[in-house]
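# Structural description and commentary
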Amino acid sequence: ACKKNIDLVFLEVAINDGDVLLEARHGAATEVRQALEGIVRELALVPIIMIEMFLRDDLASNQRSGTQAWVHTEDVKATAQIYSHDVVSLHADIAAHYPWCSQIDLNKIFLSLNS
């Protein structure tokens, strides 16, 4: 019913989904996929741009927020890969499957600014 007046949806994704994967619950990737696909199907044929948010991995643990597994990780770079690669790949699969979806990966944009 509300879809008739929507021209475009920007959907911020990645950080919360990364938290779910990081906490490594059994079936977490399936849970994340099903939740996002539910949103995409609900907005069927409304153009969706999924925006992969950038995660700062240069902060000390006392400056990080989010899941306890992220805040207290010892291997920040490896853990950040869950957010910047695993989750982004999962979202890319969904975007590729639904022709009204696109994806912008801010991780790549921000990382290129630091090079």
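This report concerns the structure included in the present document. Please read all numbers here as calculations on a predicted model, not as lab measurements.

## Notes on helix 2 (residues 28-42)
An ideal rise of 1.5 Å per residue puts 21 Å on 15 residues; helix 2 measures up with 21 Å between its terminal C-alpha atoms. Along helix 2, the positions that sit buried rather than exposed are A28, V32, L36, E37 and V40. Down the axis, helix 2 shows its buried residues gathered within 160° of arc, on one side only. Residues of helix 2 that are exposed and point over 90 degrees away from its buried face: Q34, R41 and E42. Buried residues along helix 2 sit against strand 1 (9-13), helix 1 (15-22), strand 2 (48-52), helix 4 (76-97) and strand 3 (101-105).

## Digging into a nonpolar patch on the surface
The grouping of I104, I109, F110 and L113 at the surface amounts to a nonpolar patch, some 360 Å² of accessible area in total. For the nonpolar patch, the element with the highest residue contribution is helix 5 (residues 106-113), accounting for 3 residues. Positionally, L113 belongs in helix 5. Judged by relative accessible area, L113 falls into the exposed class, the value being 62%.

## Quick look at the environment of D7
One can find D7 in the segment before strand 1. Look at D7 and you get exposed, because its relative accessible area is 69%. As for D7 and I48, which are separated by 41 residues in sequence, their C-alpha atoms are 9.2 Å apart.

## With respect to the nonpolar core
Considering soluble globular proteins, one finds that nonpolar side chains tend to be buried as a cluster. One finds L36, V40, I48, M50 and C101 to be the most contacted residues of the largest nonpolar core, which totals 23 residues. Taken together, the elements giving at least two residues each to this core come down to strand 1, helix 1, helix 2, strand 2 and helix 4. Per-element tally for this core: the top contributor is helix 4, with 6 residues. In this structure L36 touches L11, V13, M50, H91 and I94, once residues within four positions along its chain are discounted.

The rules behind the values
- Residues numbered from 1 in each chain as written.
- Predicted model: local features only at pLDDT ≥ 70, side-chain atom pairs only at ≥ 80, totals over all residues.
- Heavy atoms only, no water.
- Helix = DSSP H or I, 4+ residues; strand = E, 2+ residues; numbered from the N terminus.
- Expected span 1.5 Å × (residues − 1).
- Buried < 20%, exposed > 50% of the residue type's maximum accessible area, 1.4 Å probe, protein only.
- Arc of directions from axis to C-beta.
- Contact = heavy atoms within 4.5 Å.
- Patch = residues over 30% accessible without salt bridge, like charges linked within 9 Å, V, L, I, M, F, W, Y side chains within 5 Å.
- Areas by Shrake-Rupley, 256 points an atom, 1.4 Å probe, with all protein chains shown as cover.
- Salt bridge = Lys/Arg side-chain N within 4 Å of Asp/Glu carboxyl O.
- Core = buried A, V, L, I, M, F, W, Y, C linked by side-chain atoms within 4.5 Å.

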